[in-house]
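Architecture and fold: a report
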Amino acid sequence: MSYDKQLIAAKKAASLAARLCQKVQKGLLQSDVQSKSDKSPVTVADYGSQVLVSFVLQRELPSHAFSLVAEEDSGDLRKEESQETLRRITKLVNDTIANDGTYNVSPLSEADVLTIIDCGTSEGGAIGQHWVLDPIDGTKGFLRGDQYAIALGLLDEGKVVLGVLACPNLPLESIRSQDQNALNKAGCLFSAQLSCGTYMESLEGSPPVKVHVSDTENPEDASFFESYEAAHSSHSLSGAIAKKLGVKAPPVRIDSQAKYGALSRGDGAIYLRFPNKGYREKIWDHAAGYIVIAEAGGVASDAGGKPLDFSKGRYLDLDTGIIVTNQKLMPALLKAVQDSLKEQALPSL
Ligand SMILES: Nc1ncnc2c1ncn2[C@@H]1O[C@H](COP(=O)(O)O)[C@@H](OP(=O)(O)O)[C@H]1O
Ligand SMILES: [Mg+2]
Ligand SMILES: [Mg+2]
Ligand SMILES: [Mg+2]
């Protein structure tokens, strides 16, 4: 089965959303930051991005049933104190659509915006097709002016069949490049479809280039990625695993699924993620990255070596943590992870 049409629509949706996010990040004001019940910062761009992706997908694929599992909902925005925020989101979305020029539509109203945000409340699951969206992954990175991604995947019968990662601040060259000029040129769009490989192009438009994960078999040559935020992933556990494996390079700490993108083109060889006990991973934090890595020849699993299961609804059910690397390094990595977890569980003497 081909998902070509959906892939074209997904790339268009994520690119347009990226434009909105870039505009907001440039002019980021403190007043853009709201507080959600989970205390994570949510910005105008977060909602605006979700509206644009949902809008474009429905426009581009009018004959397809539409189900979207997305991170944000309109609850907070419907509150009295959010009126100004809603007004700003609506204007940003309408300006972005008008500047793009593809869609000849009358401007969306604030009520339209709320309705479109709430298109993302699907529960997903193992039956049928569901889009999975993180409108801004790496909100903390976004607010800091660092890495973030617009991450969009498609599930078919519970399996990720395509994924797109728009990473506006990721350099087009390897992040390990020493060339400052090259590092200043940023804005990558990764796209992957089942059995078709992973491609990268510039967000400004360039021919897609096929990418592949690092093929290193030697952990001494491997550098590893992890969250910038220590609260999202234990830096001490990943350090212990890397040491056991023989990794020499210091960790590369960046926000968002830009890690999966950078890994898919070989900027590093390993990604380790170990949230606090009890934290439940959401499917939108990994769906797009999972297929971008798999189609580039890599493998992502939980800490027990099981593939990630996206068929269970909005959450991933998994055994402690997520590990990602190439096929050759995975057995050694898995052993180092298991040994380190056992040691960590032992009472210290
Ligand atoms: N305590 C926690 N442990 C693990 N992940 C967390 C977390 N709190 C938030 N997250 C998730 O980590 C994501 C960012 O990952 P990373 O650390 O790789 O940048 C966040 O995505 P959002 O920014 O979309 O909310 C959020 O879903
Ligand atoms: Mg969030
Ligand atoms: Mg996220
Ligand atoms: Mg998010």
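Residues numbered from 1 in each chain as written. Chains lettered and ligands numbered in written order. Predicted model: local features only at pLDDT ≥ 70, side-chain atom pairs only at ≥ 80, totals over all residues. Heavy atoms only, no water.

If you trace the five strands from one edge of the open sheet to the other, you get E11-E10-E12-E14-E13, paired in mixed fashion. Strands with a single pairing partner mark the edges of an open sheet, and in this sheet they are strand E11 (252–253) and strand E13 (298–302). Inspection of the sheet shows strand E12 (residues 270–273) paired to strand E14 (residues 322–326) by three bridges, in the antiparallel sense. The partner of Tyr271 across the bridge, within E14, is Val324. In this fold helix H7 (residues 235–245) packs onto strand E10 (224–226), E11 and E12, with an angle of close to 170 degrees to the strand it touches most, E10. (Pairing = 2+ DSSP bridges. Helix = DSSP H or I, 4+ residues; strand = E, 2+ residues; numbered from the N terminus. Contact = heavy atoms within 4.5 Å. Axes fitted to C-alpha atoms, helices over the stretch in contact; angles between N-to-C directions.)

What follows deals with the UniProt feature "binding site: Mg(2+)" (unreviewed entry) in the protein. As annotated by UniProt and renumbered to match this structure, "binding site: Mg(2+)" (unreviewed entry) occupies Glu71, Asp134, Ile136, Asp137 and Asp285. Spatial clustering of the annotated residues is evident: they stretch over 215 residues in sequence, but the largest pairwise C-alpha distance comes to 9.7 Å. Along the chain, Glu71 turns up in the loop between strand E3 (68–70) and helix H3 (83–100). Glu71 sits in the partly exposed class, given a relative accessible area of 22%. Within the fold, Asp134 resides in strand E4 (residues 129–137). Look past the residues within four positions of Asp134 in its chain and what remains in contact with it is Glu71, Ala149, Ile150, Ala151, Trp284 and Asp285. (UniProt positions renumbered as here; feature names shortened; annotations may be inferred. Buried < 20%, exposed > 50% of the residue type's maximum accessible area, 1.4 Å probe, protein only.)

Turning our eyes to something else, we now look at the sheet that holds strand E6 (residues 159–171). Overall, mixed pairing links the seven strands, which are arranged E3-E4-E5-E6-E7-E8-E9 in an open sheet. The open sheet has two edge strands, E3 and strand E9 (209–211), and neither has a second partner. The average undirected angle you get between the axes of adjacent strands in this sheet is 20 degrees. Inspection of the sheet shows strand E8 (residues 197–202) paired to E9 by three bridges, in the antiparallel sense. Directly across from Thr198, in E9, lies its bridge partner Val211. Contacts from helix H2 (residues 44–60) reach E3, E4 and strand E5 (149–156), with the element oriented near 150 degrees to E4. Set on the sheet, helix H9 (residues 287–295) makes contact with E4, E5, E6, strand E7 (186–193) and E8; between it and E6 the angle comes to about 95 degrees.

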